[in-house]
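Residue-level listing of the chains:
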Amino acid sequence: MTTLVLEKIWKEYGDQIVLENIDITIESGSFVALVGPSGCGKTTLLKMLLGEERPTSGRILLDGVPLKPEPDWDRGVVFQRYSVFPHLTVLGNVLVGREFEKSRFLGRLFGSRREAAVEDARTLLKSVGLADHENKYPAALSGGMQQRLALAQALMRKPKILLLDEPFGALDPGIRAEVHALMNQLWVEQGITVVMVTHDLSEAFRLGTRVIALERRRNRPEEKERYGATIAHDIAVWPPKKQTKLNGSAIVTATPPILAADASAAVH
Amino acid sequence: MRIINRHPSRGLYVLLASLPFIALAIAYGIGSYQRLSINPADKILPSITQMMTAMSELMFVQDKRTGDYLFWSDTAISLWRLACGMGISIAISLVFGVAAGFIPWIRALVKPFVEAFSLIPPITILPILFILVGLDEASKITLIAIGTAPLMLRAVALAVEEIPHEMIVKAQTLGASTWQMITRVVLPQVLPKLIVATRFALIPAWIFLVSAEAIAAVSGLGYRIFLVRRFLSMDVIIPYVLWITLLAWLMDICLAMLQRRLFPWFQPESKS
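*Asks:* If you had to explain the packing of aromatic side chains to someone new, which residues and values would you point to?
*Replies:* The description of two aromatic rings rests on the distance between their centres and on the angle between their planes. Residues and elements named next belong to chain B. By the definition in use, this model includes nine aromatic pairs over all chains. With a centroid separation of 5.2 Å and an interplanar angle of 50°, the aromatic rings of Phe-71 and Trp-243 are classed as tilted. Here Trp-243 lies in helix α10 (residues 234-262) and Phe-71 lies in helix α3 (residues 70-102), a separation of 172 residues in the sequence. With centroids separated by 6.3 Å and ring planes inclined at 85°, the aromatic side chains of Trp-72 and Trp-243 adopt a geometry described as edge-to-face. Of this pair, Trp-72 sits in helix α3 while Trp-243 sits in helix α10, placing them 171 residues apart in sequence. What makes Trp-72 partly exposed here is its relative accessible area of 41%. Grouping aromatic residues by their ring pairs yields a cluster made of Phe-71, Trp-72, Tyr-240 and Trp-243.

*Asks:* Please give an account of α10 of chain B that cites residues and values.
*Replies:* Residue and element names in this part refer to chain B. Taking 1.5 Å as the rise per residue, α10 with 29 residues should run 42 Å; its terminal C-alpha atoms sit 42 Å apart, in good agreement. Taken together, the buried positions of α10 are Asp-235, Val-236, Ile-237, Ile-238, Pro-239, Tyr-240, Trp-243, Ile-244, Leu-247, Leu-255, Ala-256 and Gln-259. The secondary structure elements touched by the buried residues of α10 are α1 (10-38), α2 (48-60), α3, α8 (178-215) and α9 (221-228).

*Asks:* How would you summarise unusual backbone geometry if you had to cite specific residues and measurements?
*Replies:* Even without being a glycine, Lys-8 of chain A presents a positive backbone phi close to 45°. The topology assignment puts Lys-8 of chain A in strand β1 (residues 4-13). Backbone geometry at Leu-232 of chain B places phi at a positive 55°, although glycine is not the residue there. Relative to the helices and strands, Leu-232 of chain B resides in the loop between α9 and α10. Taking the relative accessible area as the measure of exposure, Leu-232 of chain B reaches 49% and is therefore partly exposed.

Definitions and cut-offs
- The numbers attached to residues start from 1 for each chain and follow its sequence in the written order.
- Chains carry letters and ligands carry numbers; both start at the beginning, A for chains and 1 for ligands, and go up in the order they are written.
- It should be noted that, the model being predicted, local features are given only for residues of pLDDT at least 70 and side-chain atom pairs only at 80 or more, the latter also being counted only at that level, while totals for whole chains, interfaces and linings use all residues.
- In computing side-chain properties, one takes all heavy atoms of the structure into account and sets aside hydrogens as well as water.
- Pairing of aromatic rings covers Phe, Tyr and the six-membered ring of Trp, with a centre-to-centre limit of 6.5 Å; geometry is then stacked below 30 degrees between planes, edge-to-face above 60, and tilted otherwise.
- Secondary structure is summarised from DSSP: a helix means a run of H or I of at least four residues, a strand means a run of E of at least two, and numbering begins at the N terminus for each.
- Working definition: with a 1.4 Å probe on protein chains only, accessible area under 20% of the residue-type maximum means buried, over 50% means exposed, and in between means partly exposed.
- Multiplying 1.5 Å by the residue count of a helix minus one yields the expected span of that helix.
- In this description, contact between two residues means that some pair of their heavy atoms is separated by no more than 4.5 Å.

Keep in mind that these numbers describe shape and distance, not what the molecule does.
This is the structure we're talking about:
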């Protein structure tokens with residue numbers, strides 16, 4: 001069980017207030033989609049969750065303990081680009097997390113320990129549909145396949161929380177729908193907790209159990225600097241999606257019209 | 001059609017590529033023939049046969065004083081110096097380049113110093129080296145290392161800094177320590193670029209080698225060229241220059257092949 005709590009988070013760069021008064025409690029197993037117009041600080045918020053940036057004030061607690069101020073294994077991540085290592089094969093990319101964990105000095109596994117890790121990696125590769133490509137280098141994969149590989153790589157390390165930074169933003173629409181289905185299936189089957197930053201509202205509602213819209217309350221040029229973005233809408237997606245059940249079992253992802261209108265109002 | 005949009009066919013490309021070489025050879029042949037027909041003892045533009053005679057003496061006849069086959073012993077000692085110098089330079093650039101590119105504290109410590117150091121024209125250090133380490137092998141090897149290491153170190157540090165930040169964050173989220181990131185993420189991505197840097201560094205390395213040999217040595221390709229210059233022996237100098245060029249070219253090709261074989265995943269952005 002994992003609970004992520006953001007307590008009164010403020011972020012300022014010099015005089016510029018980026019985020020103000022962000023209070024979120026993320027329950028175990030939820031899929032939170034962070035949406036908002038560009039420049040509203042949603043990526044900054046994700047960077048704080050990663051540990052790349054620190055809040056100016058406020059605390060972030062993972063299971064009641066303050067986050068380490070640097071990225072670590074408890075928070076997995078998939079970026080839009082550069083999420084996999086170009087010099088490792090598909091299998092090597094998935095294995096590497098286990099190798100970092102189990103082999104502190106060499107960073108490589110041998111013998112039976114490697115075989116066990118390879119078995120786990122193959123299971124994951126199968127679940128993301130890359131079982132037939134394990135000896136290829138990422139350069140030989142399409143964009144969608146690279147992102148699926150990045151997901152498998154992140155899940156191999158069993159992070160407490162998975163952070164996604166517009167992971168499907170660069171994909172073609174057809175491929176994106178495919179990866180969405182896979183993402184949903186992974187979330188259902190693996191029981192993971194996810195925070196995803198996206199600017200795509202339909203993606204947010206299709207995948208998320210909860211959509212949080214960030215917005216600047218005051219946007220006039222003379223006020224812009226002194227007012228940061230804050231939570232404008234916090235929407236529980238209806239009908240609720242359930243984990244540990246296979247995808248497709250009557251999980252309707254259509255967005256009720258009133259919520260869609262509300263959310264688009266939040267963004268525009 | 002604009003000329004920038006016209007591309008030669010494969011055969012035409014080969015012809016165009018070989019044209020300057022053929023033109024130079026023909027021009028030399030004519031010049032040599034004219035000078036030799038006026039004065040058969042002329043030494044400035046020797047004929048191919050004269051060069052072959054001179055070279056066969058160096059290649060296949062034992063030197064009376066040392067018992068060596070001079071051409072081959074010159075080649076061996078020069079390559080040895082070059083290999084030692086470049087080896088030191090590669091080791092230094094790899095250790096300090098990766099550390100400086102990856103660890104902010106070491107970057108602060110190393111980078112400004114190396115940048116200042118690389119501004120010193122290496123050849124001006126040669127007298128200092130002669131005084132400090134003597135006239136034998138050490139001074140020549142050190143000159144090559146000093147001349148190429150700062151260049152390569154900066155290339156390696158830059159290659160480390162060019163690794164996308166996302167990838168380093170990703171490695172950390174997979175639980176990697178700094179050491180694990182260096183060995184499993186940074187080094188493998190830097191090695192192909194180290195080979196590129198080595199190919200570039202070989203050009204000044206040859207210059208420093210030949211200069212050092214010309215100034216103080218009793219053997220080596222550079223020594224021989226500057227020795228026979230006193231007798232206007234163009235029949236030795238020209239083949240030696242061609243030989244050095246050939247060696248440099250072969251090294252470059254071998255390194256390029258090595259890079260493709262060892263790092264199939266690496267595709268340099270620019271055409272070679």
